[in-house]
Structures are given as structure tokens and as C-alpha cells.
Amino acid sequence: MQATLGFERPKHILSASQFNRAFLDYMYELINQIRKFDKTKDGLMYLQSLLPHRRAMLYFTQPSTRTFMSFQAACSILGIKPSEIRDTATSSERKGESIDDSLRTFASYVDLIVMRAPVAGLSDRIATLLDATPRPVPIINAGSGPDEHPTQALLDIYTLQRSFKSASGIEGKTICMVGDLKRGRTIRSLSRLLANYPRTQLIFCSPPEFKIADDLRQFLSSRDVSFEETTNFTAAIEAADAIYMTRVQDEYDQAGATKVDTRAYCLKQEHLPLLRRDSVIMHPLPRRDELDPAIDHDPRAKYWRQERNGMWTRVALITILMGVDSHIVLPTL
Amino acid sequence: MQATLGFERPKHILSASQFNRAFLDYMYELINQIRKFDKTKDGLMYLQSLLPHRRAMLYFTQPSTRTFMSFQAACSILGIKPSEIRDTATSSERKGESIDDSLRTFASYVDLIVMRAPVAGLSDRIATLLDATPRPVPIINAGSGPDEHPTQALLDIYTLQRSFKSASGIEGKTICMVGDLKRGRTIRSLSRLLANYPRTQLIFCSPPEFKIADDLRQFLSSRDVSFEETTNFTAAIEAADAIYMTRVQDEYDQAGATKVDTRAYCLKQEHLPLLRRDSVIMHPLPRRDELDPAIDHDPRAKYWRQERNGMWTRVALITILMGVDSHIVLPTL
Amino acid sequence: MQATLGFERPKHILSASQFNRAFLDYMYELINQIRKFDKTKDGLMYLQSLLPHRRAMLYFTQPSTRTFMSFQAACSILGIKPSEIRDTATSSERKGESIDDSLRTFASYVDLIVMRAPVAGLSDRIATLLDATPRPVPIINAGSGPDEHPTQALLDIYTLQRSFKSASGIEGKTICMVGDLKRGRTIRSLSRLLANYPRTQLIFCSPPEFKIADDLRQFLSSRDVSFEETTNFTAAIEAADAIYMTRVQDEYDQAGATKVDTRAYCLKQEHLPLLRRDSVIMHPLPRRDELDPAIDHDPRAKYWRQERNGMWTRVALITILMGVDSHIVLPTL
């Protein structure tokens with residue numbers, strides 16, 4: 001399959017940098033196929049028949065609702081039984097166990113580990129650790145610190161591709177990202193994936209304090225991605241094929257940090273006339289003031305669909321990791 | 001079905017005031033049928049085959065054990081995969097998300113939401129919110145503040161009906177409710193349902209500080225329900241066909257509130273000889289001093305059965321909301 | 001079955017003292033059979049077909065990861081739907097409910113209760129309570145205070161038996177237990193089970209402050225088990241067919257207790273040459289300093305397998321309690 005599809009089947013999902021264009025295109029078709037099974041009880045039961053003998057651990061030590069629920073639903077859709085750690089106070093870590101031992105323990109009982117942690121790089125380290133044991137299991141990074149959030153980036157790409165499907169896809173489009181671009185891991189992961197689409201233009205719109213980090217700037221230059229950094233929100237709205245709003249990541253703030261004024265970077269009803277008719281509005285959610293709920297009913301608002309796309313994206317990823325994606329692409333129903 | 005059955009199929013379960021007599025009679029038959037499936041593995045597997053492609057969210061931000069477990073078991077019985085939020089500290093609400101957005105998120109991933117919250121009216125608001133979206137899901141109010149607890153009232157009615165089945169049903173019976181009648185939402189919801197049964201008499205027995213609220217008094221008058229308010233516990237016991245004990249709802253007390261003396265409103269072994277031979281003792285549980293565990297073995301004590309009836313009542317309700325009740329009433333087994 | 005197998009089918013699993021040699025031998029064969037089903041999807045689906053109509057409550061009010069997950073996985077393997085209480089703050093106990101009432105409530109909704117609690121004797125009390133109700137359910141003690149941990153002892157016995165299978169079994173072997181032998185409930189339960197194997201020799205190696213308790217000493221003498229207490233770790237390592245390391249149980253310490261110096265009782269890489277070539281190293285986990293992770297790759301290190309054996313041991317126990325073990329021993333696949 002690797003030969004024909006143009007990518008190597010991943011053992012783990014750790015970083016957005018793992019995915020090439022062939023993988024992204026394959027994911028798009030796979031998710032579309034999976035969604036067809038959602039139409040009927042028979043289709044849903046077929047999906048559940050793929051992995052009913054498997055168990056997963058959702059190890060979420062960083063607060064999360066939608067990513068957690070999205071993975072939990074994705075597991076159930078495939079018949080996988082999910083268990084969870086969300087509070088290390090109930091766990092052996094309280095008895096002085098190392099995180100390595102805890103995760104090796106989980107790996108003893110399950111067939112897949114999905115992890116979200118406040119520290120960067122943890123999922124890489126655990127993947128390496130488990131690969132050296134007699135019973136390695138796939139790891140999915142569901143968000144690690146201010147660093148990476150590869151599954152979010154994949155669902156964002158799927159949503160963009162789907163939104164532009166009658167407009168010849170993502171290539172050549174102008175994607176504008178707004179908000180806390182310095183600490184938003186979503187922004188980092190998505191920008192990296194967009195480098196796979198020729199002629200795409202990126203606009204990074206933020207207060208000066210929240211400009212993108214140097215390493216991302218260097219990455220984009222090295223890949224010849226055309227991008228612009230600006231504080232002019234109105235101009236950015238007018239130029240965008242897709243406007244991707246994000247919230248301030250102040251959970252990483254030190255207590256007493258001076259708050260950055262982001263009031264000029266909030267999308268409101270008054271901005272809607274500026275936005276192109278075929279443009280789309282996205283947001284990884286949760287939102288605060290930066291995205292007015294009054295916009296929700298506008299047909300260009302795609303963020304609620306984006307959220308549900310996340311669930312299907314995770315279903316697709318799990319089928320690939322567990323080697324049952326071939327049962328989807330050529331459905332036997 | 002609506003035409004023949006005499007009630008409109010509910011989209012949500014929000015309040016006891018939704019249910020008319022036809023609905024209550026239908027529920028009684030439906031629950032009895034469902035319980036027959038509990039006798040064998042084949043029967044239980046048939047129930048699980050009804051909704052195995054569905055997922056539910058149990059959103060319980062108010063402490064609860066039995067209502068939570070009862071719904072969780074009810075979901076499992078029907079094959080539904082339940083997920084849960086019981087602690088908002090692990091959720092996006094910590095990142096400043098509105099409750100509306102949180103619940104719309106849950107609705108993206110599941111097919112049914114069961115919610116119990118400390119604030120009154122939340123489930124109504126969320127039901128209205130979701131009904132305006134492209135993917136509405138049914139809401140069940142599993143208790144909201146001091147206000148409503150419709151599923152408890154339904155299970156109480158079922159238990160009464162079952163207890164009186166060889167005594168020509170609930171009509172004309174004397175039901176005595178004891179305890180904190182002012183704040184007990186169970187009392188409010190049950191009293192409203194009892195108005196559907198002609199000639200029923202209600203005795204409300206409580207310390208003066210805990211008399212029923214004005215709105216309930218007015219409701220009963222408007223429906224011509226005969227009722228009496230008293231502080232005489234002994235006389236109430238003697239008159240009752242069913243005695244419904246409740247605990248003091250002091251979780252709603254302000255710190256430092258003067259405690260009301262309820263010692264004269266506790267059912268003890270010494271009261272048993274006063275109670276009619278064919279009378280029944282009920283309690284929504286959990287109990288404290290107001291119901292002596294020494295009574296548990298008395299054949300008139302129905303509260304443990306009442307608890308298990310709750311599970312079957314919730315199974316029945318879910319089948320109605322999800323449109324599979326017709327598979328129960330005419331079992332194909 | 002009781003007649004032929006040489007033991008009475010247990011109603012509950014409360015204490016290691018329930019198990020005789022016939023039971024342990026039966027468990028060994030049963031677990032080996034069950035593990036064969038783990039090889040294929042069909043085998044795993046057969047296991048899930050045994051109890052898919054059943055529900056279990058995991059009541060874990062004492063912090064635990066591996067015992068909890070091990071039972072949760074064991075339930076899923078058999079098709080049982082597990083629910084959990086891990087934090088009494090979300091439960092009715094906050095409303096003043098007694099533990100007895102809480103557990104009777106759980107018993108209303110499920111078919112099996114697994115409990116781990118910080119107080120000794122709770123599972124015995126609850127088993128007695130439920131046996132007097134119309135709907136008793138089996139109770140498994142998954143660890144109670146400093147007292148008993150029977151399922152840990154069973155998995156330890158299985159691991160020893162499996163490790164010694166080409167060396168004529170456990171009989172006559174020298175088992176050395178190291179660490180906090182005074183408060184380790186694992187040690188207590190395992191020592192009691194080892195009394196079922198003739199000519200077994202026990203070495204208890206610990207600092208003087210952590211010597212085994214008097215009641216265990218008396219039990220072993222009454223059963224004519226040969227044992228030795230020592231502070232000489234090096235000699236113990238050299239003599240052992242199996243070395244069973246344990247951690248200091250300081251969660252039972254009073255604040256401000258003087259710490260015992262256990263540095264001389266830690267197994268490190270430098271000890272490996274002292275250990276016999278066919279010896280085995282075990283540990284109930286979680287570990288701290290007493291077992292160096294550098295040892296993990298040594299072929300004599302069995303503690304990670306021991307952990308996974310725990311899951312299969314619990315699967316086997318549940319099949320016995322629920323009366324479906326006969327479907328395993330003579331597989332129909």
C-alpha cells in the first residue's frame with residue numbers, strides 16, 4: 001500500500017510534520033467514505049465491526065472537552081472500548097510512579113494510547129519507550145503543551161478541502177489566521193500542513209505581542225510559502241478565502257502577566273459584509289470574545305462542522321494506525 | 001402513534017407538566033414489557049440491539065449517584081454508549097467557554113444529552129438552543145436545581161401504579177408526602193403528575209418551615225386536587241395508602257442557616273404498626289435519619305424496588321425519545 | 001463441578017484464605033485457556049460473547065491505576081459494561097448517605113461489584129449486607145486497607161507457576177520477599193497462598209522496622225511453612241528462585257513519621273550477577289527506587305508480564321463468579 005499511496009503507514013501520530021501531500025489526500029477520501037457509513041444503522045454497525053476487540057486509553061492530563069470527547073466518540077464508532085485518565089490524583093503517579101512506568105502500564109492493558117499533556121515532547125518520548133518493549137502500541141499525540149496538535153491540523157485541512165471542493169481545493173487560496181499566533185499550537189501545526197499546497201498564501205494577523213514564533217517563520221521561508229504578518233484585521237478579512245480565528249492561550253500565562261489588548265482582533269457581525277461571499281470562517285474552539293456567537297447562523301461559519309469533522313478525522317486516523325483503513329476505502333456493504 | 005395513543009411524542013423530557021394521563025398509562029405498559037426482556041440473556045441482547053449505533057452524554061454538574069448510574073445503566077441496556085462530564089474542572093469551561101457552546105459541542109458528538117445541573121431552567125434553554133441548529137438532539141432533564149425532576153416523578157408514578165395494581169390503581173388513593181416539601185423538587189414533580197388521577201388525595205406533612213410552595217398550592221387548587229397540609233405525622237401515617245418520605249435538602253442552605261428540627265418527621269420501626277397492611281413506603285433516596293434502615297425488611301418498604309424501577313423507567317423514556325418504543329410493545333422475540 | 005474440581009464455587013472473592021490448592025490449579029489452567037483466545041479477533045469476540053448482557057461497578061475510593069484498569073479491561077474482554085466511582089465527591093455520600101446504602105444502590109444497577117477501599121473489612125461487610133437482599137451480586141475485593149489483596153496474590157501465583165512451568169512448578173522453590181513486609185498487603189496475601197505448595201521456602205528480607213506482622217508469622221508456623229527473616233539482602237538474592245520486590249507503603253504513614261532507611265533493599269544492575277540464571281524478578285508495581293528500571297531488559301525481569309497476567313487472572317475470576325468458566329475450559333471455537 002505504501003508504494004501505491006505515496007506515504008509510509010505511520011506507527012504513531014506525533015507531529016504534523018509526519019504528513020505529506022499524499023497522506024493528506026488519502027485522508028480526505030477516507031474521511032468522506034467513513035461519513036457515508038454514518039447515514040444508516042447498518043453503516044454504523046459496519047464501522048463498529050472493525051475494531052470491537054480493541055481497547056484504548058485516553059490519557060488526558062491537560063483539561064480538554066472537545067478533543068477528549070471527539071476521540072472517545074471516534075473509538076466507540078469503531079467498536080473500540082475507551083478508558084480514561086483525566087486526573088492523575090486517582091492514579092499511581094500519586095504513589096511516586098514515573099510517567100514512563102504509568103504509560104507502560106496502560107500499554108499492558110490497551111491497544112492504543114491517545115495522550116494530551118501539558119508538557120511538550122511527552123508523546124514522542126513514550127512512543128520511543130514503548131517501541132523498545134515486547135508489546136508496543138500506537139500513540140496519538142492529542143495536543144502537547146504549546147507545541148503540537150497534529151490531529152487538529154488534520155481536521156482543519158479536511159474542513160478547508162471540503163469547503164473548497166467546488167473551488168479547486170486548497171491550492172492557491174489565501175488563509176488568514178488571527179489571534180494569539182505565538183502560543184497557539186493549532187496555528188503552528190496547520191501552517192506546517194499548508195506548506196504542502198502550492199501557491200497558498202498565509203496572512204498572520206495579530207497584535208505585535210502575539211506574532212508567530214521564529215521557528216515557524218523560518219520553516220515557511222525554507223518551504224517557499226508566501227506569508228505576510230499584519231496588524232490590520234480589516235484588510236485581512238477582505239483578502240481571506242478562509243479566516244481562521246483563535247483564542248488567547250492565557251493558560252500558559254504567568255500569574256500577574258500584563259494582558260495583551262486583543263479587542264481589535266474579534267470577529268463580529270459588523271465584519272461580515274467585508275468577507276467574501278464564498279469565504280469560510282473557522283475556529284478550533286473553545287472560543288471567547290474573539291468570535292461573536294451572533295455569527296453562528298451565517299452560512300460561511302464552518303466551525304461547528306469543523307468540530308464534527310474532527311470526530312471523523314480521528315476515526316480515519318485510527319483506522320490507518322490499526323490497519324483497517326482498507327476495509328473502509330473499499331466498503332463491503 | 002400520536003393519534004391512537006393520546007399524546008404527542010415528546011422531543012425532549014424537560015418537565016413533569018409535559019405528561020398527560022395517556023402518556024403515563026403508556027409508560028406503565030412499556031416499562032412492564034421492557035422488564036420482561038430482563039429475564040433472559042436473549043431478551044437483554046434484544047434490548048441492546050435497539051440502539052447500539054447511538055451515543056449519549058451524561059452531563060451531571062450536580063453531585064448525583066443513583067440518577068447518574070440509573071441513566072448510565074439505561075443507556076447500556078439499550079446498547080447506547082454513554083460518556084460523561086461530572087467535573088467541569090476537566091472541561092473547556094475552564095478556558096472560558098460558555099455553557100451553551102459546551103453543550104452544543106457535546107451535541108456534535110452524541111445523539112442524546114442527559115443533564116443535571118444546579119441551576120433551574122438550564123435544560124429548557126439548551127433544548128431551545130439545539131432545536132435551532134442543523135443537528136438537534138433530544139435533551140432529558142435529570143434534575144435541575146430546586147425546580148424539576150421529571151424522570152424521578154415518572155418512576156414514582158410507575159412504582160405507585162405497580163404497587164396498587166391489584167387495588168384498582170392510583171385513582172382515589174391517599175398519598176402522603178413527608179419532609180422538606182418546600183425545596184424537594186421530587187415532591188413538586190410528583191404532585192403535578194398525581195393531578196392526572198381523579199379522586200386522589202394528597203397529605204403534605206412537614207414542619208411549618210418546610211410547607212409546600214405557593215405555586216404548587218395554586219396548581220393543585222386549579223386542578224381541583226384534594227389536599228391537606230399538616231404537622232401531625234402520626235395521623236398522616238394512619239391515613240396513607242402510600243407514604244412518601246423525603247430528606248432535608250440542605251445543600252441549598254446558606255452557610256449558617258438555622259437548622260429546622262425535623263426529628264418528629266422520621267419514620268421508625270415504632271410507626272410500622274400504625275401503617276395499613278396494604279400501604280407502601282417510598283423514598284427517592286438517598287436517605288438520612290428520616291427513614292430507619294431497620295424498616296428495610298418490611299414488605300411494605302418499596303424504596304429499593306423504586307430505585308431499580310428508575311432504571312427501567314429511563315430505558316422506556318429513551319426508547320420513546322429515540323423512536324424505538326414500537327420495537328418493545330410488540331416484541332419480535 | 002464442585003465435586004470433581006475439589007473446591008466450592010465462590011460467591012464472592014474476599015480473601016486469599018478462600019483459595020485451596022485445587023482452586024489455584026484450576027485457575028492456572030483456566031487462565032492459560034483464556035490467553036489462547038487473545039490470539040485472534042474471533043477468539044476475543046468469543047470471550048466478549050460470554051457476558052455482554054452484564055454490567056459491573058468498579059468502586060475504587062482508594063487511588064489505583066493498574067488494579068482499576070486491569071479490572072476495567074477484564075470486564076471489557078468479557079463484554080461486561082463497567083461503570084465507576086473513583087471520587088466520592090460526586091456521589092450521594094456527600095448528601096450524607098451511608099456506604100451501605102450507596103453500595104446497595106450500585107447493586108441495584110449492576111451484576112458485579114469490584115471494590116477497593118482504604119478501610120479494612122469493607123468488602124466482607126458489603127457482601128454480607130447484599131446476601132441478605134433480594135438481589136445479591138458478587139463482590140470482588142480489589143484491595144482493602146493494609147489488609148488483603150486477594151486478586152494480586154492470585155496473579156502472583158499464576159506468574160510464579162508460569163515461570164516455573166519447566167522446573168516442576170512452585171513446590172520446593174525458595175521465594176524471597178523484600179521491602180516493607182509489615183504493611184504490604186500483597187506480601188500477606190501471597191504468603192498465605194504459598195502455604196498451599198509443599199516444601200516451599202520463604203525468605204523475608206527487610207529492615208528491622210518492616211518485618212512481617214505477628215499474625216502472618218503465626219499463620220506460617222501453624223501451616224509448617226519454612227521461613228526465614230533476614231536483613232541480608234545479598235544472601236537473599238543468591239538463595240532465591242524468585243525475588244519479589246515491594247515498595248514502602250508510606251501512604252499509611254502519619255505525617256511527620258521518621259522515614260525508615262531502605263536504601264540497602266533496592267535491586268540494582270550490580271545485583272544481577274548474584275541472581276541465579278533461572279531465577280525470576282517480580283514486583284506488584286508501582287515501583288520507586290527499590291527496583292532500577294535498568295533491569296527491565298533482563299530476561300529474568302517478569303514484572304511487566306506479571307502486570308498483564310493480572311488482567312487475565314481477573315478475567316478468569318470473573319468467569320468463575322458469573323458461572324461461565326465452563327465455556328472457557330471446553331472452548332467451542
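What counts and how
Residues numbered from 1 in each chain as written. Chains lettered and ligands numbered in written order. Predicted model: local features only at pLDDT ≥ 70, side-chain atom pairs only at ≥ 80, totals over all residues. Heavy atoms only, no water. Contact = heavy atoms within 4.5 Å. Buried area = accessible area lost by both parts, 1.4 Å probe. Salt bridge = Lys/Arg side-chain N within 4 Å of Asp/Glu carboxyl O. Polar contact = N/O pair within 3.5 Å; in protein donor to acceptor, adjacent residues only side chain to side chain. Helix = DSSP H or I, 4+ residues; strand = E, 2+ residues; numbered from the N terminus. Domains from an automatic or database assignment. Nonpolar A, V, L, I, M, F, W, Y, C, P; charged D, E, K, R; others polar. Buried < 20%, exposed > 50% of the residue type's maximum accessible area, 1.4 Å probe, protein only. Phe/Tyr/Trp six-rings, centres within 6.5 Å; stacked < 30°, edge-to-face > 60°. Arc of directions from axis to C-beta. pLDDT = per-residue confidence, 0-100. Pairing = 2+ DSSP bridges. Right-handed = clockwise from strand over helix to strand, strands pointing away. Least-squares fit on C-alpha atoms with pLDDT ≥ 70 in both.

I would appreciate a short explanation of the interface of chain A and chain C in the present structure.
For an interface, size is often stated in terms of accessible area lost upon the parts coming together. Taken together, the 28 residues of chain A in the interface contact 27 residues of chain C. Note on chain A versus chain C: buried area summed over both sides is about 2500 Å², and carbon and sulfur give 54% of it. Seen at the junction of chain A and chain C, the total is three salt bridges. Put simply, E97 of chain A and R66 of chain C hold a salt bridge, and the shortest N to O gap is 2.3 Å. Viewed at the interface, chain C and chain A are joined by 12 residue pairs in polar contact (both at pLDDT 80 or more). Going through the elements one at a time, β1 (55-60), β2 (81-85) and α5 (99-109) of chain A are the ones with two or more residues in the side of chain A that touches chain C. Ranked by residue count, the leading element in the side of chain A that touches chain C is α5 of chain A, at six residues.

Which parts of the structure should I look at to understand the domain arrangement of chain A?
Residues and elements named next belong to chain A. Annotation of chain A at the domain level lists domain 1 (2-148 + 308-329) and domain 2 (150-307). On a C-alpha basis, the centroid separation for the pair domain 1 and domain 2 is 25 Å. Listed by partner, the interface residues are 34 residues for domain 1 and 28 residues for domain 2. Across the domain 1/domain 2 interface, buried area totals approximately 2600 Å², and carbon plus sulfur atoms make up 54% of it. Across the contact surface, domain 1 and domain 2 share two salt bridges. R21 is the salt-bridge partner of E171, the closest N and O atoms lying 2.8 Å from each other. Linking domain 1 with domain 2 are 18 residue pairs in polar contact (both at pLDDT 80 or more). Where the side of domain 1 that touches domain 2 is concerned, the elements lending two or more residues are α2 (21-37), α4 (66-77), β4 (139-144) and α11 (303-321). At nine residues, α2 tops the list of elements feeding residues into the side of domain 1 that touches domain 2. Of the residues contributing to the side of domain 1 that touches domain 2, the split by class is 14 nonpolar, 11 polar and nine charged.

Explanation requested: helix α3 (residues 41-48) of chain A in the structure shown.
Working note: α-helix, 3.6 residues per turn, so residues spaced by three or four point in the same direction. Within α3 of chain A the residues assigned to the buried category are G43, L44, Y46, L47 and Q48 of chain A. Check the buried side of α3 of chain A and you find it contacts α2, α4, α11 and α12 (326-329) of chain A together with β2 (81-85) of chain B.

Even after reading the chapter, I still don't get the packing of aromatic side chains, so can you show me in this structure?
Aromatic ring pairs are defined here through the distance separating the ring centres and the angle between the ring planes. Scanning the model with the defined rule gives 30 aromatic pairs over all chains in all. With a centroid separation of 5.3 Å and 85 degrees between ring planes, the pair formed by F60 of chain B and F68 of chain B is classed as edge-to-face. A relative accessible area of 1% places F68 of chain B in the buried class. Between Y303 of chain C and W304 of chain C the ring centres are 6.5 Å apart and the planes differ by 55 degrees, which places this aromatic pair in the tilted class. By relative accessible area, Y303 of chain C is classed as buried at 0%.

Would you explain helix α9 (residues 214-222) of chain B in this entry?
All names here are of chain B. Considered for burial, the residues of α9 that qualify are L216, F219 and L220. Along the long axis of α9, the arc covered by the buried residues comes to 95 degrees, so they all point the same way. Exposed residues lying more than 90 degrees from the buried face of α9 are D214, Q218 and S222. Where α9 is buried, its residues touch α8 (185-194), β6 (201-205) and β7 (226-230).

Is there a simple way to think about the interface of chain B and chain C in this case?
Across the contact, 27 residues belong to chain B and 28 residues belong to chain C. Summing both sides of the interface, chain B and chain C together bury roughly 2600 Å²; the carbon and sulfur share of this comes to 54%. The largest share of the area that chain B buries against chain C comes from T65, M69 and W304 of chain B, three residues that together contribute 23% of it. Between chain B and chain C we count three salt bridges in total. For R104 of chain C, the salt bridge goes to D296 of chain B, with nearest N and O atoms at 3.8 Å.

What exactly am I supposed to notice about the confidence of the model for chain A here?
Atom-level detail of predicted coordinates should not be read off regions where pLDDT is low. Considering every residue of chain A, the mean pLDDT works out to 92; 94% of them sit at 70 or more. The ipTM assigned to the predicted complex is 0.93, against a pTM of 0.95.

What exactly am I supposed to notice about the pairing of strand β6 (residues 201-205) of chain A here?
A regular strand places its side chains so that they alternate between the two faces of the sheet. Residue and element names in this part refer to chain A. Among the five residues of β6, four are classified as buried, and the element is accordingly described as predominantly covered. The sheet contact formed by strand β5 (residues 174-178) and β6 spans five bridges and is parallel. Along β6, the bridge assignment pairs T174 with Q201. In the classification by handedness, the crossover that spans β5, the intervening helix α8 (residues 185-194) and the parallel β6 is right-handed.

Just checking my understanding: could you explain the relation of the copies chain B and chain C for this structure?
Superposition of the two copies of the chain requires a rotation about an axis together with a shift along that axis. With an RMSD of 0.0 Å, the operation that places chain B on chain C is a rotation of 120 degrees combined with a shift of 0.0 Å along the axis. The transformation relating the two chain copies, once decomposed into turn and shift, fits a three-fold axis. Considering only C-alpha atoms, the residue of chain B closest to the rotation axis is K81 of chain B, which sits at 5.6 Å.

Explain the pattern of salt bridges to me, please; I cannot follow it from the model alone.
Working definition: two side chains of opposite charge can pair if their charged atoms are close together. For the structure on display, the rule yields 63 salt bridges over all chains. Linking D131 of chain A and K11 of chain A is a salt bridge whose minimum nitrogen-to-oxygen distance equals 3.5 Å. Of this pair, D131 of chain A sits in helix α6 (residues 122-131) while K11 of chain A is found in the loop between α1 (2-5) and α2, placing the two residues 120 residues apart along the sequence. Given the relative accessible area of 32%, D131 of chain A is considered partly exposed. On the accessibility criterion, K11 of chain A (58% relative accessible area) is exposed. Across the pair R183 of chain B and D180 of chain B runs a salt bridge whose closest N-O atoms are separated by 3.0 Å.

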